[in-house]
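An overview of the molecular structure
Each chain is listed here by its residues.
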Amino acid sequence: MKSKKIFLINLFVLSGGWFCFLFSQSPEQADNVNSCVSCHLEMGDELAVPVTGMEQDVHDRLGLSCVSCHGGDPKAGLDGDLEAAMDPAKGYIGIPERSAIPQLCAKCHSEPNYMRQFNPRVSTDQFARYKTSVHGQRLQRGDTKVATCIDCHGVHGIRNAKDARSSVYPPNIVKTCGKCHADSEYMKDYGVATDQVELYSTSVHGKALLEKGDQGAPVCNDCHGNHGASPPGAPSVAFVCGQCHLNNSELFIKSPHKMAFDDMDLPECEACHGNHAIEHPTDEMIGAGEQSMCIDCHEDGSKGFETAVTIRREIDSLKGKIHFADSLVSVAERAGMQVSEAKFQLNDADDALIKSRTIIHSLSVDQIKESTGEGIKLTDAATKAGWEALDELQFRRKGLAISIILISILALGLYLKIKEIDKKYPFKTEGE
Ligand code: HEC
Ligand code: HEC
Ligand code: HEC
Ligand code: HEC
Ligand code: HEC
Ligand code: HEC
Ligand code: HEC
Ligand code: HEC
Ligand code: HEC
């Protein structure tokens, strides 16, 4: 009980301390005097750009301002004495060095106690992660061409990451990373490829995000991390892709490929699908055909080769049966027959085909056969229903033909009867 009280007192004192820190950081909050803003605005041109930019800035909305980053005294300098305002003795740092920017941002963003006053669920790991990234590591070694916080977030106009106008909002990230990574001149000293943006933009993922607006599709940071940006490394690619393709990833990890690929330093999913230029896969990628990727690594006669052939046969067989059943059911449907049950079965068979294409990643013939078998059962049922509908149609058509004949006979009889009556009582016109 007592220790809890002491803990609470401590917490109170500590958070009080943080509150003082906050106010010492931004004394302009006490009253609305801010010489930095007023004088810079008056100066116009480039000196006013940060002020107008800050009007859109997430920090500005929280009452943070120039002095939060640059230091100085915003209450001095109202009389035009810029040196009194921009006084190093008052913490003024001028334009921060590029290499010092992450620390500058981290003085708040890495302080949980401070940050939680604004947002209880805020994360404060950006700087720690950044230091592990290729960017952060190189910056520590003096390479200032790498990305620092402001290259990805901007400065004087930093927006919330969830804001659609933010430079780190998913569709905008391609351009943000591409500023450097697609500029071969800027990157020429590194011997690293600069085709990622180009390849990504034409991939299934790029098209889904950039053309269809599907925010479930990954962009650069989903595979490389926001702050820990680095290539994932061969043995962890399945985890990266598995964030979204969980089934493929689990099947792959349990398959014989996982261990074999890791031993040979083959980059898992990437070894078959690529990374930036991932395309829609086709059935031709399996089997022993020219476009099969299995035969790149498995020779004729090996278990891998045999498996590839069997799997392909299973898939083709199901696909063929679905195609046939579908045509049959469509004919019956066009003729006006009731085939909704068969159509449901075909939908489920399609799902079994899609599932089988995922199960390929297990490399298990048994698992594939189980899944295609399910599909084949459904297709057989639909085919049967299709034939039955057509039989029924035939039956009805026969019935129709017979009734047409009967009706025709009846009509003829009627016609003859009328003729006969006409003869007996000839029609008299007026005046006759
Ligand atoms: C009375 C006018 C005035 C006031 C007040 C003022 N500035 Fe400036 N500021 C200037 C002028 C003029 C320059 C450009 C010339 C220079 O660097 O001395 C400048 C330059 C700067 C620069 C760029 C420095 C560089 O090395 O190029 C920063 C950063 C800056 N000011 C921040 C601040 C901050 C923060 C405050 C408030 C604490 C502030 N200023 C208050 C007029 C002012
Ligand atoms: C969130 C931190 C932050 C805030 C808030 C901030 N700045 Fe800056 N400012 C920076 C950084 C970082 C740079 C260095 C930019 C670079 O290297 O390109 C900078 C650069 C500058 C420069 C140099 C020229 C330029 O545009 O790059 C001026 C002038 C300046 N700031 C003035 C201001 C003024 C005036 C305010 C308030 C209206 C302000 N800043 C608010 C971080 C901040
Ligand atoms: C290589 C680009 C890049 C760099 C460098 C970078 N960020 Fe980020 N940052 C991002 C992306 C991308 C997001 C989030 C996007 C999302 O939520 O989908 C993000 C999100 C954030 C967020 C929102 C909360 C969160 O963690 O998701 C904060 C705060 C942040 N960054 C601060 C920083 C700070 C501070 C630095 C420097 C130490 C930094 N960033 C460096 C790209 C970067
Ligand atoms: C004086 C403290 C302080 C400094 C310095 C500072 N920030 Fe912030 N920043 C905050 C606070 C407080 C928030 C609001 C957090 C929230 O609401 O989640 C914030 C929010 C942000 C956000 C939006 C977070 C989100 O959830 O999307 C980004 C991005 C960001 N800051 C980047 C930077 C960068 C980059 C720098 C360095 C140039 C920087 N900050 C410097 C205090 C600071
Ligand atoms: C300001 C320029 C700049 C920006 C913006 C930038 N980077 Fe980088 N990045 C670099 C430089 C320079 C390197 C070092 C090149 C190297 O190590 O091969 C690098 C390295 C990398 C690497 C390691 C490459 C390797 O194999 O060594 C990855 C991954 C990476 N960046 C991803 C990203 C992502 C993702 C984004 C956007 C969220 C981004 N970068 C934004 C400049 C930038
Ligand atoms: C679907 C996941 C994914 C997406 C999206 C993605 N990458 Fe990659 N990226 C990878 C993988 C996997 C590697 C290879 C890593 C390895 O082999 O260790 C890689 C490698 C890289 C490299 C190292 C050089 C190279 O080309 O091998 C850079 C730089 C890079 N990516 C930047 C980007 C940028 C910029 C974007 C956005 C336009 C992006 N990546 C989008 C997965 C992705
Ligand atoms: C952030 C989630 C996410 C990550 C991470 C991701 N993907 Fe995707 N992927 C998707 C989405 C969403 C689609 C569907 C795009 C579309 O066609 O509309 C997709 C489509 C695909 C397709 C095409 C499927 C088809 O039937 O056409 C393949 C292949 C693929 N991803 C492989 C990968 C690989 C390999 C990786 C890792 C290097 C990866 N994905 C990482 C979300 C993700
Ligand atoms: C040995 C090569 C190989 C590896 C390794 C591999 N795939 Fe595939 N993947 C294929 C083939 C072949 C197909 C095409 C199946 C078809 O259409 O018949 C495919 C299809 C896909 C599809 C589309 C079908 C579906 O399941 O929706 C996705 C998504 C996919 N793979 C993701 C992954 C992911 C994620 C990984 C890593 C965990 C991975 N693949 C590893 C060969 C591979
Ligand atoms: C990048 C090379 C590569 C590709 C592509 C590849 N494999 Fe493999 N596969 C291997 C390696 C390496 C092993 C482990 C050594 C071995 O048994 O041959 C293996 C093992 C196997 C095994 C287990 C063999 C056993 O003896 O138990 C099967 C089954 C298999 N692969 C099927 C496939 C199928 C099907 C495809 C096409 C979808 C495929 N592989 C594509 C490299 C590859």
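Being a predicted model, the structure only gives us computed values, none of them experimental. (Residues numbered from 1 in each chain as written. Chains lettered and ligands numbered in written order. Predicted model: local features only at pLDDT ≥ 70, side-chain atom pairs only at ≥ 80, totals over all residues. Heavy atoms only, no water.)

Moving on to the coordination of the iron atom of ligand 9. Around the iron atom of ligand 9, the protein contributes the donor atoms His 257 (NE2) and His 298 (NE2), which lie 1.9 to 2.0 Å from the metal centre. Geometry at the iron atom of ligand 9 is octahedral, judged from the six donor atoms that bind it and their angles of 89 to 179° at the metal. Taken as a pair, His 257 in helix H18 (residues 256-263) and His 298 in the loop between helix H20 (294-297) and helix H21 (303-334) lie far apart in primary sequence, 41 residues in all. The class of His 298 is partly exposed, set by a relative accessible area of 28%. (Donors = N, O, S within 2.8 Å, 3.2 Å for Na, K, Ca; no water. Tetrahedral: all angles 85-135°; square planar, octahedral: opposite > 155°, others 65-115°. Helix = DSSP H or I, 4+ residues; strand = E, 2+ residues; numbered from the N terminus. Buried < 20%, exposed > 50% of the residue type's maximum accessible area, 1.4 Å probe, protein only.)

With that settled, consider the packing of H21 against helix H23 (residues 365-424). Between H21 and H23, the shortest axis-to-axis distance is 9 Å and the interhelical angle comes to 20°. Taken together, H21 and H23 sit at an angle that is classed as roughly parallel. Along this stretch, H21 crosses H23, giving a crossing that reads as left-handed. Grouping the constituent residues of the contact of H21 with H23 by class yields 17 nonpolar, eight polar and four charged. (Axes fitted to C-alpha atoms, helices over the stretch in contact; angles between N-to-C directions. Parallel < 35°, antiparallel > 145°, perpendicular 65-115°, else oblique. Left-handed = near helix turned anticlockwise from the far one by under 90°. Nonpolar A, V, L, I, M, F, W, Y, C, P; charged D, E, K, R; others polar.)

A cluster of acidic residues, Asp 326, Asp 348, Asp 350 and Asp 351, forms a negative patch on the protein surface. Here the negative patch takes three residues from helix H22 (residues 340-359), the largest share from any one element. Of the residues examined, Asp 326 reaches a relative accessible area of 40% and is grouped as partly exposed. (Patch = residues over 30% accessible without salt bridge, like charges linked within 9 Å, V, L, I, M, F, W, Y side chains within 5 Å. Areas by Shrake-Rupley, 256 points an atom, 1.4 Å probe, with all protein chains shown as cover. Salt bridge = Lys/Arg side-chain N within 4 Å of Asp/Glu carboxyl O. Lys, Arg positive; Asp, Glu negative; His and termini not counted. Charge placed at Lys NZ, Arg CZ, Asp CG, Glu CD.)

Core analysis: the biggest nonpolar cluster contains 26 residues, and Ile 311, Ile 322, Ala 332, Leu 346 and Ile 360 have the highest contact counts within it. With nine residues, the top contributor of residues to this core is H21. Among residues more than four places away in sequence, those in contact with Ala 332 are Met 337, Val 339, Gly 386, Ala 389 and Leu 390. Among the nonpolar cores identified, the runner-up in size contains nine residues, and Val 168, Val 174, Val 197 and Ala 208 belong to it. (Core = buried A, V, L, I, M, F, W, Y, C linked by side-chain atoms within 4.5 Å. Contact = heavy atoms within 4.5 Å.)

Counting all residues, the mean pLDDT for the protein chain is 90, and 91% of those residues have values of 70 or more. Below a pLDDT of 50 lies the segment residues 16-30, which in the model reaches 30 contacts outside its immediate sequence neighbourhood of four places, other chains included. (pLDDT = per-residue confidence, 0-100.)

Residues in contact with ligand 7 amount to 19 residues; listed here are only the nearest, His 205, Cys 241, Cys 244, His 245 and His 280. One of the side-chain N or O atoms of Lys 212 is found 3.2 Å from an oxygen atom in ligand 7. Here His 245 contributes a side-chain N or O atom positioned 2.8 Å from a nitrogen atom of ligand 7. The element that contributes the greatest number of residues to the shell around ligand 7 is helix H14 (residues 204-211), accounting for three residues. Residue classes in the shell around ligand 7 are distributed as ten nonpolar, six polar and three charged. (Near = heavy atom within 4 Å. Polar contact = N/O pair within 3.5 Å; in protein donor to acceptor, adjacent residues only side chain to side chain.)

Turning our attention to the site of ligand 1. Of all residues adjacent to ligand 1, which total 20 residues, the nearest are Cys 36, Cys 39, His 40, Met 86 and Tyr 92. Take His 40: an N or O atom from its side chain is 2.8 Å from a nitrogen atom of ligand 1. Taken together, the elements giving at least two residues each to the shell around ligand 1 come down to helix H2 (35-43), helix H5 (66-70) and helix H6 (82-85). At five residues, the largest contribution of residues to the shell around ligand 1 is made by H2.

Our focus in this paragraph is the side chain of Glu 268. Residue placement: Glu 268 occurs in the loop between H18 and helix H19 (269-273). Judged by its relative accessible area of 1%, Glu 268 is buried. Sequence-distant contacts of Glu 268, defined by excluding residues within four places in its chain, comprise Ala 234, Pro 235, Ser 236, Val 237, Ala 238, Phe 252, Lys 258, Phe 261 and Asp 262.

Taken as a whole and judged by the stated rule, the model has 17 salt bridges. Close ionic contact of Lys 258 with Asp 262 constitutes a salt bridge, the shortest N to O distance being 2.8 Å. On the criterion of helical spacing, the pair formed by Lys 258 and Asp 262 is a turn pair, its members being four residues apart in helix H18. Given the relative accessible area of 16%, Lys 258 is considered buried. By relative accessible area, Asp 262 is classed as partly exposed at 25%. The partner of Lys 355 in a salt bridge is Glu 374, with the nearest N and O atoms 3.6 Å apart. In this pair, Lys 355 is assigned in helix H22 and Glu 374 in helix H23, connecting sequence segments 19 residues apart. Shared partners join several salt bridges into a network, and the residues in it are Arg 159, Asp 163 and Arg 165.

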